[in-house]
Amino acid sequence: MQKGVIRVFFLTAVLIPLLTLSACNSTSSSTALSQTTTAATSSIINSTVSTATASSTLANTFNAMATLGKTIYDKYGASSHGQNGQGGSSPALMGSHATLTKYNTAQGLLTYISTNMPLEAPGSLSHQDYLDILCYLLVQNNYVPADTVFNESQLSNITLK
Ligand code: HEM
């Protein structure tokens, strides 16, 4: 009889709470594990995405950027400098009447347009927009082979002649 009471006490007061506690712990540790796994997976995905972005920037040629530059030029420059850069109320930027050689290098031309143009709002475009327009001017004037990979740090080495 006394043994039976001890067994019931052991079961209810010690064994059942112990089993319940260990079940809870294993649930929460498996949740933590799955959270860690999810975080690790998403960080791998993120780093893959940023690598892809970086390599697509590296893959840009002058020609690819010039295509973007044309749409920006059409919006901000064509009304003054002419639809094809032939000149209008403002000097020609492309073709036989253009005189951009005085800026000496592609870097010199970039500095000029990004600090002085568009005339009514100098410096108002993004740096990327100025780079794209620069590429458009360089390609249209045959200052650079169109399929060359663009590298901003090389702009001082591109002579305008
Ligand atoms: C983002 C668009 C534009 C670009 C890339 C651009 C580019 C240029 C460049 C490269 C020159 C130098 C030309 C040379 O020295 O022979 C120039 C000069 C000039 N541009 Fe623009 N331009 C833009 C928009 C405009 C607009 C909208 C106007 C007029 C509202 C304008 C008016 C002028 C004038 C008057 C000059 C002569 C400035 C001077 O000789 O001091 N440009 N532009």
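First, a word on scope: everything that follows refers to the structure included in this document. Computed from a predicted model, the values in this text were never measured in an experiment.

This part takes up the side chain of aspartate 132. If you trace the backbone, aspartate 132 turns up in helix H5 (residues 127–140). The buried charged residue aspartate 132 lacks any salt bridge, with lysine 75 as its nearest oppositely charged partner at 12 Å. If we ignore the near neighbours within four places in the chain, the residues touching aspartate 132 are Met65, Ala66, Leu68, Gly69 and Ile72.

Right, let's get into helix H2 (residues 62–76). If you check H2, its first and last C-alpha atoms are 20 Å apart, about what 15 residues at 1.5 Å a residue would give, namely 21 Å. Leucine 68 marks the point of greatest bend in H2, at about 25°. Among the residues of H2, those classed as buried are Phe62, Met65, Ala66, Gly69, Ile72 and Tyr73. The inward-facing, buried residues of H2 abut helix H3 (78–81) and H5.

Here the focus is the environment of threonine 99. Its location among the elements puts threonine 99 in the loop between H3 and helix H4 (106–116). Taking the C-alpha atoms as reference points, threonine 99 and leucine 160, 61 residues apart in sequence, are found 9.8 Å from one another.

Turning our attention to the site of the ligand. Taken together, 20 residues lie near the ligand, and Ser80, His81, Lys102, Tyr103 and Met117 sit nearest. One of the side-chain N or O atoms of threonine 99 is found 3.4 Å from an oxygen atom in the ligand. The contact in question runs from an oxygen atom of the ligand to an N or O atom on the side chain of tyrosine 103, over 2.5 Å. Listed by contribution, the elements that provide at least two residues to the shell around the ligand are H3 and H4. Tallying contributions element by element places H4 first for the shell around the ligand, with three residues. A per-class count over the shell around the ligand returns 13 nonpolar, five polar and two charged.

Parameters at a glance
- Residue indices follow the written sequence of each chain, beginning from 1 at its first position.
- Residues qualify for local features only when their pLDDT is at least 70, as the model is predicted, and side-chain atom pairs are given and counted only at 80 or more; totals for whole chains, interfaces and linings, by contrast, use all residues.
- In computing side-chain values, all of the structure's heavy atoms are included and hydrogens and water are not.
- Think of it this way: any DSSP run of H or I at least four residues long counts as a helix, any run of E at least two long counts as a strand, and we number them from the N terminus.
- Three exposure classes are used, based on accessible area relative to the maximum for each residue type with a 1.4 Å probe and protein chains only: buried under 20%, partly exposed in between, and exposed over 50%.
- The charge count treats Lys and Arg as positive and Asp and Glu as negative. His and the chain ends do not count.
- In the sections that follow, a salt bridge refers to a side-chain nitrogen of Lys or Arg positioned within 4 Å of a carboxyl oxygen of Asp or Glu.
- Contacts were defined at the residue level, with two residues in contact if any of their heavy atoms lie within 4.5 Å.
- The span expected for a helix works out to 1.5 Å for each residue beyond the first.
- Note on bend: the value at a residue is the angle between axes fitted to the seven residues ending there and to the seven starting there.
- When at least one non-hydrogen atom of a residue lies within 4 Å of a molecule or strand, that residue is treated as near it.
- Throughout this description, a polar contact denotes any pair of N or O atoms lying within 3.5 Å of each other; where both atoms belong to protein, one of them has to be capable of donating a hydrogen while the other can accept it, and for residues adjacent in sequence the pair is counted only when both atoms sit in side chains.
- Residue polarity follows a fixed list, in which Ala, Val, Leu, Ile, Met, Phe, Trp, Tyr, Cys and Pro are nonpolar, Asp, Glu, Lys and Arg are charged, and the others, Gly among them, are polar.

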